[in-house]
Amino acid sequence: MSSTRDWLLDETPATRLQAQLGQGYRTLRALLRNPLTVVGLVIIIALLLTAAFAPWIAPYNPIEGQLTARLLPPSAEHWMGTDELGRDIFSRVIYGARITLFIVLLVAVISAPLGLVIGAISGYFGGAVDRIMMGITDIFLSMPRLILALAFVAALGPGIENAVIAIAITAWPVYARLARAETLTVRKAEFIAAVRMQGASHGRIILRHILPLCMSSTIVRVTLDMAGIILTAAGLGFLGLGAQPPLPEWGAMISRGRAFILDQWWVATMPGFAIVIVSLGFCLFGDGLRDVLDPRQRSK
Amino acid sequence: MSNATLTGSRGAAAALLARLKPIVWFFVTIALTFLGLLAITFVIGRVVPIDPVLAVVGDRAPKEVYDAARLKMGLDDPLIVQFARYVGDVVQGNLGKAVMTSNPVVQDLARVFPATLEMATLGIIIGVVIGVPLGVCAAARQGSVIDQIIRVIGLAGYAIPAFWLGLVGLVLFYAQLQWVGGPGRIDIFLDGLVTPHTGLLLVDSLIDGDMDSFKSAFAHIILPSTILGFFALAYIARMTRSFMLEQLGQEFITTARVKGAPEWVVIWRHAFRPIRVQLITVIGLSYAGLLEGSVMIETVFSWPGIGNYLTNALLNADMNAVLGATLVIGAVFICINKLSDALYLLLDPRARA
């Protein structure tokens, strides 16, 4: 055990793999030193496990309810009570983790690379390219994101995929700005000049030499944005524009519970706790990640 | 001699030009941003799967009627011509007709906007009045209870969905404790009795001296505004704290302390003064954010504002109303943003250099 640690912390790694694993190990240790980051990490891992093993964790079917067991308050059989169709809310919240994870990951996978490429191209080439691309980015940045997402969903039609597209369209400009700023700092660096002299194409320089340097700040930013993405997705669901019934999306569940909020408070409030906990997890973990990976951003 | 005056005046002209350039550039940016907003709403209006021609002529119209209508609506023109026409319409205040209300969208928006303005303004007042002192105190006593509270509030502001907090607030303060009025702007038996002067119920009822209406309106507005204000508070307090910490670490603060200035003078007069300009930007941003956040809160509280109007339009697939409301909220958002930028440039000599 301790020999593995020594191997990982070796000051003079023999192979690239060892160096990379060692770097990862050091980052992990720095992360685990902050208790709040650990809380965030635990929440995220719990979310992943819940999403993966939902059928085994959920005690009831999330889609089909028992009409004899409608609107029951929280009890030993139904931890979070039941909704107006007699469905177990706890089971639905468990399955809802899958939808939330699906939305969050898809938005990150679409918007982060899009923003990165736009920002890197803009910063790398500079001049007119830069001015036009950053002009467009700034226009997007100065618009209200939620309203824009709403309008896009209105045009594309309600549904989970369209919600993802709408959120992704409004999320990329932040990453573009970030990538451009990072690119500007390395654009004139000597190692870039060196690979260029070796005959590397612009595409290769951007993809292989510039983008990897933007990764850590982007990962931090994406993690911090996750909470906002979850809230926006839940908001779209709440307005009836996101995931459609009978899918157990948390925002949509809150929206259905609104009708009974004064007498059966648990229908609307329980899924909200899930949203709060998961968003909090990403916030806490993102904060810790930023302190370790990107200390420059700390003051912001 | 004459030569010298000539170069002198040319120099003055150049200096004037140099001073005007950022101002001109500022307005050009605003114009471009608005054009960008228009382009986005135009594109959104284009990708809608609903065929606007079918909406006019009906499903079973013969081909000739359909084509004639299409030609008449200008849908065969090049996109750029259509866009120019769209911009022209918007500039003249023509946003089309809302199917829901069969009124012009502009008229609808003018009717619902004061309700949103009233709620967001009260929200930002709550956010500033509580948030700024809280942030200052947290910075003055780092690690104290207040500092911890700010941390928790800040996290809560990021992690709690506004619409959910609204529902929880309704259950607690309206249904259980009965401290506040329920959904809507005013009690139902007072509805429509206040003469609209400004459209802001609190102001209008005060002008008429109608205290019953004022109390009722206040009971209704206080909960949604507080919830909206909570999110502004979270952001403002966090930013105030970090600005203050930056100032308190500087040497002139140490100098003031060494001179024997009392702690409150050091904090409020020496440290707080320089951050006021930065705070204006933060407050402007959060005010704009509140207008956006009001969409969710208005839905929860059945508040008859622009957010509620937008959601209803969305659910009815009433595209003219959706795009009109998006355009107005976007425009106000951009204006507030740019205005706080301009104020920053005007008030802070360091930013001008």
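Owing to the predicted nature of the structure, the values given are computational and were not obtained by experimental measurement.

Conventions and cut-offs
Residues numbered from 1 in each chain as written. Chains lettered and ligands numbered in written order. Predicted model: local features only at pLDDT ≥ 70, side-chain atom pairs only at ≥ 80, totals over all residues. Heavy atoms only, no water. Helix = DSSP H or I, 4+ residues; strand = E, 2+ residues; numbered from the N terminus. Rg over C-alpha atoms; globule rule 2.2 N^0.38 Å. Buried < 20%, exposed > 50% of the residue type's maximum accessible area, 1.4 Å probe, protein only. Areas by Shrake-Rupley, 256 points an atom, 1.4 Å probe, with all protein chains shown as cover. Lys, Arg positive; Asp, Glu negative; His and termini not counted. Charge placed at Lys NZ, Arg CZ, Asp CG, Glu CD. Contact = heavy atoms within 4.5 Å. Buried area = accessible area lost by both parts, 1.4 Å probe. Salt bridge = Lys/Arg side-chain N within 4 Å of Asp/Glu carboxyl O. Nonpolar A, V, L, I, M, F, W, Y, C, P; charged D, E, K, R; others polar. Core = buried A, V, L, I, M, F, W, Y, C linked by side-chain atoms within 4.5 Å. Phe/Tyr/Trp six-rings, centres within 6.5 Å; stacked < 30°, edge-to-face > 60°. Polar contact = N/O pair within 3.5 Å; in protein donor to acceptor, adjacent residues only side chain to side chain. Expected span 1.5 Å × (residues − 1). Axes fitted to C-alpha atoms, helices over the stretch in contact; angles between N-to-C directions. Parallel < 35°, antiparallel > 145°, perpendicular 65-115°, else oblique. Arc of directions from axis to C-beta.

**Considering the overall build of chain B**
- Across its full length, chain B holds 14 helices and zero strands.
- Along chain B, helices and strands appear, N-terminal first, in the series α-α-α-α-α-α-α-α-α-α-α-α-α-α.
- Taking 353 residues into account, the globule formula puts the C-alpha radius of gyration at 20 Å, and chain B, at 26 Å, lies well above it.
- Taking the principal axes of the C-alpha coordinates as reference, chain B spans close to 90 × 85 × 40 Å.
- Within the span of chain B, comprising 353 residues, buried residues form 44% of the whole.
- Within the structure as shown, chain B displays about 18400 Å² of accessible surface, and the carbon and sulfur contribution to it stands at 66%.
- Put simply, chain B has 25 plus and 24 minus side-chain charges, and the middle of one group is 13 Å from the middle of the other.

**Notes on the overall build of chain A**
- Helix and strand counts for chain A stand at 12 helices and zero strands.
- Beginning at the N terminus, the succession of helices and strands in chain A can be written as α-α-α-α-α-α-α-α-α-α-α-α.
- Taking the principal axes of the C-alpha coordinates as reference, chain A spans close to 75 × 55 × 30 Å.
- Looking at chain A as a whole, 52% of its 300 residues are labelled buried.
- Residue pairs at least 24 apart in sequence account for 68% of intrachain contacts in chain A once pairs closer than 6 positions are excluded.
- Carbon and sulfur atoms provide 65% of the accessible area of chain A, an area that totals close to 14100 Å².
- Of the charged side chains in chain A, 25 are positive and 19 negative, and the gap between their average positions amounts to 9 Å.

**Quick notes on the interface of chain A and chain B**
- Chain A puts 40 residues into the contact, and the matching count from chain B is 41 residues.
- Summed over both sides, the interface of chain A with chain B buries roughly 3600 Å², with 83% coming from carbon and sulfur.
- If you sort the residues of chain A by the area they bury against chain B, A:Ile147, A:Ala155 and A:Leu239 come out on top, with a joint share of 16%.
- At the junction of chain A and chain B, the tally comes to zero salt bridges.
- Of all elements in the fold, only α6 (127–141), α7 (145–156), α10 (202–238) and α12 (265–293) of chain A reach the threshold of two or more residues within the side of chain A that touches chain B.
- Taken together, the residues of the side of chain A that touches chain B sort by class into 31 nonpolar, six polar and three charged.

**Here's the deal with the nonpolar core**
- Membership of the largest hydrophobic core comes to 159 residues, with the highest contact counts inside it found for A:Trp250 and B:Leu310.
- Of the residues forming this core, the biggest block, 15 residues, is contributed by helix α11 (residues 263–300) of chain B.
- Leaving out residues up to four positions away in the same chain, B:Leu310 has contacts with A:Ile147, A:Leu150, B:Val295, B:Val322, B:Ala325, B:Thr326 and B:Ile329.
- If you look at the next biggest cluster of nonpolar residues, it comprises 13 residues, including A:Ala120, A:Ile192, A:Ile206 and A:Leu211.

**Digging into the packing of aromatic side chains**
- Under the criterion given, the structure shown has 14 aromatic pairs over all chains.
- Aromatic pair A:Phe273 and B:Trp164: ring centres 5.0 Å apart, planes at 75 degrees, arrangement edge-to-face. Note that A:Phe273 is positioned in helix α12 and B:Trp164 in helix α7 (residues 162–176), a pairing that runs across two chains.
- In this structure A:Phe273 comes out as partly exposed when scored by relative accessible area, which is 42%.
- Here B:Trp164 falls in the buried class, since its relative accessible area comes to 7%.
- Where B:Phe214 meets B:Phe218, the ring centres are 6.4 Å apart and the plane angle is 15 degrees; that geometry is what we call stacked. Of this pair, B:Phe214 and B:Phe218 both sit in helix α9 (residues 211–248), separated by four residues, roughly a single helical turn.
- In this structure B:Phe218 comes out as partly exposed when scored by relative accessible area, which is 36%.
- Clustering of aromatic rings is evident, with ring pairs tying together B:Phe42, B:Phe83 and B:Tyr86.

**Observations regarding the environment of B:Thr29**
All names here are of chain B.
- Tracing the backbone through its elements, the reader meets Thr29 in helix α1 (residues 2–47).
- Residue class for Thr29 comes out partly exposed when judged on its relative accessible area of 28%.
- Along the primary structure Thr29 and Leu122 are separated by 93 residues, whereas in three dimensions their C-alpha atoms are 30 Å apart.
- At 2.5 Å, the side chain of Thr29 and the backbone oxygen of Trp25 are in polar contact.

**Describing helix α6 (residues 145–159) of chain B**
- Its 15 residues give α6(B) an end-to-end C-alpha distance of 21 Å, which sits within 8% of 21 Å, the value for a rise of 1.5 Å per residue.
- Along α6(B), the residues that are buried comprise B:Asp147, B:Ile150, B:Ile153, B:Gly154, B:Leu155, B:Ala156 and B:Ala159.
- Those residues of α6(B) that are buried lie in contact with α10 and α12 of chain A together with α5 (105–140) and α9 of chain B.

**Quick look at the packing of α7(A) against α11(B)**
- Packing of α7(A) against α11(B) leaves a shortest axis separation of 8 Å and a crossing angle of 55 degrees. By the angle between their directions, the pair α7(A) and α11(B) is classed as oblique. Each of A:Arg145, A:Leu146, A:Ile147 and A:Leu150 in α7(A) lies in contact with α11(B), whose residues at this interface are B:Glu292, B:Val295 and B:Met296.
- The residue makeup of the contact of α7(A) with α11(B), split by class, is five nonpolar, no polar and two charged.

**Considering helix α4 (residues 79–91) of chain B**
Residues and elements named next belong to chain B.
- An ideal rise of 1.5 Å per residue puts 18 Å on 13 residues; α4 measures up with 18 Å between its terminal C-alpha atoms.
- Inspection of α4 places Gln82, Phe83, Tyr86, Val87 and Val90 among the buried residues, and these make up the whole buried set. Looking straight down α4, one finds that the buried residues subtend no more than 140 degrees of arc, so they occupy a single side.
- Downstream of α4 by one or two residues, Gly93 has phi in the positive range, about 80 degrees.

**Things to note about the pattern of salt bridges**
- Tallied over the full model, the rule gives 13 salt bridges over all chains.
- Residue A:Arg177 is joined to A:Asp138 by a salt bridge in which the shortest nitrogen-to-oxygen separation is 2.9 Å. Of the two residues, A:Arg177 is situated in helix α8 (residues 160–186) and A:Asp138 in helix α6; the sequence distance between them amounts to 39 residues.
- Ionic pairing is found between B:Arg257 and B:Glu263, a salt bridge with its closest N-O pair at 2.9 Å.
- On the basis of relative accessible area, B:Arg257 is assigned to the partly exposed category, the value being 39%.
- Among the charged side chains, a network of salt bridges with common partners joins A:Asp83, A:Arg87 and A:Arg92.

**A word on the environment of A:Leu9**
Residues and elements named next belong to chain A.
- Checked against the element boundaries, Leu9 lands in helix α1 (residues 2–9).
- Using a relative accessible area of 24% as the deciding quantity, one classes Leu9 as partly exposed.
- Sequence separation between Leu9 and Gly22 is 13 residues, and the spatial gap between their C-alpha atoms is 5.6 Å.
- Non-local contacts of Leu9, meaning those with residues more than four positions away in its chain, are made with Tyr25, Arg26 and Arg29.

**A short note on the environment of A:Leu105**
Residues and elements named next belong to chain A.
- Positionally, Leu105 belongs in helix α5 (residues 89–125).
- The exposure class of Leu105 is partly exposed, given its relative accessible area of 45%.
- Separated by 80 residues in the primary sequence, Leu105 and Tyr25 place their C-alpha atoms 24 Å from one another.

Read these as spatial facts, not as claims about activity.
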